[in-house]
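# Observations on the model geometry
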Amino acid sequence: MASPGWERALRLVLCALGLALSVYALHVETSRERDPGYRAMCDLSPSVSCSKVFTSRWGRGFGLVEDLLGKHSVFNQPNSLFGIVFYILQTLLGFSPSTLAAVTLLGTSMVSIAGSLYLAYILFFVLHDFCLVCVTTYLLNGALLLLNYKRLVCLSGSGQRRAKPKGQ
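Described below are features of the structure shown in this document. Here the structure is a predicted model, which is why all the values come from computation and not from measurement.

## Some details on the nonpolar core
Buried together is how nonpolar side chains tend to be arranged in soluble globular proteins. Grouped together as the largest cluster of nonpolar side chains are 27 residues, with contacts concentrated most on Phe54, Cys131 and Val133. When contributions to this core are tallied by element, the ones reaching two or more residues are helix H1 (5-34), helix H2 (50-54), helix H4 (79-93), helix H5 (99-126) and helix H6 (132-163). With seven residues, H6 is the largest single contributor of residues to this core.

## Looking at the environment of Gly61
Position of Gly61 among the secondary structure elements: in the loop between H2 and helix H3 (65-69). In this structure Gly61 comes out as buried when scored by relative accessible area, which is 1%. Separated by 16 residues in the primary sequence, Gly61 and Gln77 have C-alpha atoms spaced 5.5 Å apart. Excluding residues that lie within four positions of it along the chain, Gly61 makes contacts with Phe75, Asn76, Gln77, Asn79 and Phe82.

## Digging into the environment of Ala101
Mapped onto the elements, Ala101 comes out in helix H5. Ala101 sits in the buried class, given a relative accessible area of 5%. Separated by 76 residues in the primary sequence, Ala101 and Ala25 place their C-alpha atoms 28 Å from one another. If we skip the residues at most four places from it in the chain, Ala101 touches Leu93 and Ser96.

## Looking at the pattern of salt bridges
Following the criterion strictly, the structure yields six salt bridges and no others. Where Arg57 meets Asp67, a salt bridge forms, and the shortest distance between an N and an O atom there is 2.8 Å. Residue Arg57 is found in the loop between H2 and H3, and its partner Asp67 is found in helix H3; the two are separated by ten residues along the sequence. Given a relative accessible area of 59%, Asp67 falls into the exposed group. Three or more residues are tied together by salt bridges with common partners; here these are Glu7, Arg11 and Arg151.

## Structural notes on the packing of aromatic side chains
Counting across every chain of the model gives four aromatic pairs. Plain terms: the ring middles of Tyr121 and Phe125 are 5.3 Å apart, the flat faces sit at 40° to each other, and that makes the pair tilted. With a gap of four residues between them, Tyr121 and Phe125 both fall in helix H5, about one helical turn apart. In this structure Phe125 comes out as exposed when scored by relative accessible area, which is 55%. Centre to centre, the rings of Phe124 and Phe130 are 6.1 Å apart; their planes meet at 40°, and the pair counts as tilted. Assessed through its relative accessible area of 35%, Phe124 is described here as partly exposed.

## Regarding a nonpolar patch on the surface
Residues Leu44, Tyr121, Phe124, Phe125, Val126, Phe130 and Leu132 make up a contiguous nonpolar surface patch of about 650 Å² in total accessible area. Per-element tally for the nonpolar patch: the top contributor is H5, with four residues.

## Re the state of the cysteines
For the structure shown, the criterion picks out two disulfides. Put simply, Cys131 and Cys134 are joined by a disulfide, and their sulfur atoms are 2.4 Å apart. For the disulfide bridge between Cys131 and Cys134, the dihedral angle about the S-S bond is near 70°, and by the sign convention the bridge is right-handed. Judged by its relative accessible area of 0%, Cys131 falls in the buried class. Should the bonded cysteines of the protein be numbered as they appear in the sequence, the pairing reads 1-2, 3-4. Cys15 takes part in no disulfide bond, and the closest cysteine sulfur to it belongs to Cys154, at a distance of 18 Å. Here Cys15 falls in the buried class, since its relative accessible area comes to 2%.

Rules of the game
- Along each chain, residues carry numbers from 1 onward, in the same order as the chain's sequence is written.
- Residues qualify for local features only when their pLDDT is at least 70, as the model is predicted, and side-chain atom pairs are given and counted only at 80 or more; totals for whole chains, interfaces and linings, by contrast, use all residues.
- By convention in this description, side-chain values take in all heavy atoms of the structure and omit both hydrogens and water.
- Nine residue types can take part in a nonpolar core, namely buried Ala, Val, Leu, Ile, Met, Phe, Trp, Tyr and Cys, and a core is a set of them joined through side-chain atoms within 4.5 Å.
- For each residue, the accessible area found with a 1.4 Å probe, counting protein chains only, is set against the maximum for its type, and the residue is called buried under 20%, exposed over 50%, and partly exposed in between.
- A run of H or I in DSSP becomes a helix once it reaches four residues, and a run of E becomes a strand once it reaches two; helices and strands are each numbered from the N terminus.
- It only takes one pair of heavy atoms within 4.5 Å for two residues to be counted as in contact.
- The rule for a salt bridge is simple: a side-chain nitrogen of Lys or Arg has to be within 4 Å of a carboxyl oxygen of Asp or Glu.
- Think of it this way: a Phe, Tyr or Trp ring, Trp meaning its six-membered ring, pairs with another when their centres are within 6.5 Å, and the plane angle makes it stacked under 30 degrees, edge-to-face over 60, tilted otherwise.
- Put simply, a patch holds well-exposed residues, over 30% relative accessible area, that have no salt bridge, with like charges counted together within 9 Å and Val, Leu, Ile, Met, Phe, Trp or Tyr side chains within 5 Å.
- For accessible areas, the Shrake-Rupley method is used with a probe of radius 1.4 Å. Any residue's cover is judged against the shown protein chains and nothing else.
- The disulfide criterion used throughout: a pair of cysteine sulfur atoms within 2.5 Å.

Following this line, the structure appears as structure tokens:
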């Protein structure tokens, strides 16, 4: 059974927003690295600054990869690159009607929520900052989690209905 049209449209909107924010975050981070005086549109005050967050140690490899694999590890990439891959994956898998794709969508969403909760903790309790781009991506990830759960339930429910013998 194909997913309802509203689900695909909502997924495209959420993923397009997430992709745009991730590309913007990458732009801010690389611009700030090239020019320490660069001021991003999302830098509203000293305590509301996305560039402060993106260029912190937690802005690459979730602040974990450098300690585990080294600063120059291929996996120690800006978090925004992981976001770009995530939103592209969510978009592409969203076109598949398979249950395996739905399980993968839900699984990757759960990983993104774990990452979002971890980074939100770092944002508020370690960096003592508020990042509009970050918080918006956390909300988008939450919406995708709900959407992916709904999709899996819908696909699983349709399979159960087909499995019932006729006449019952």
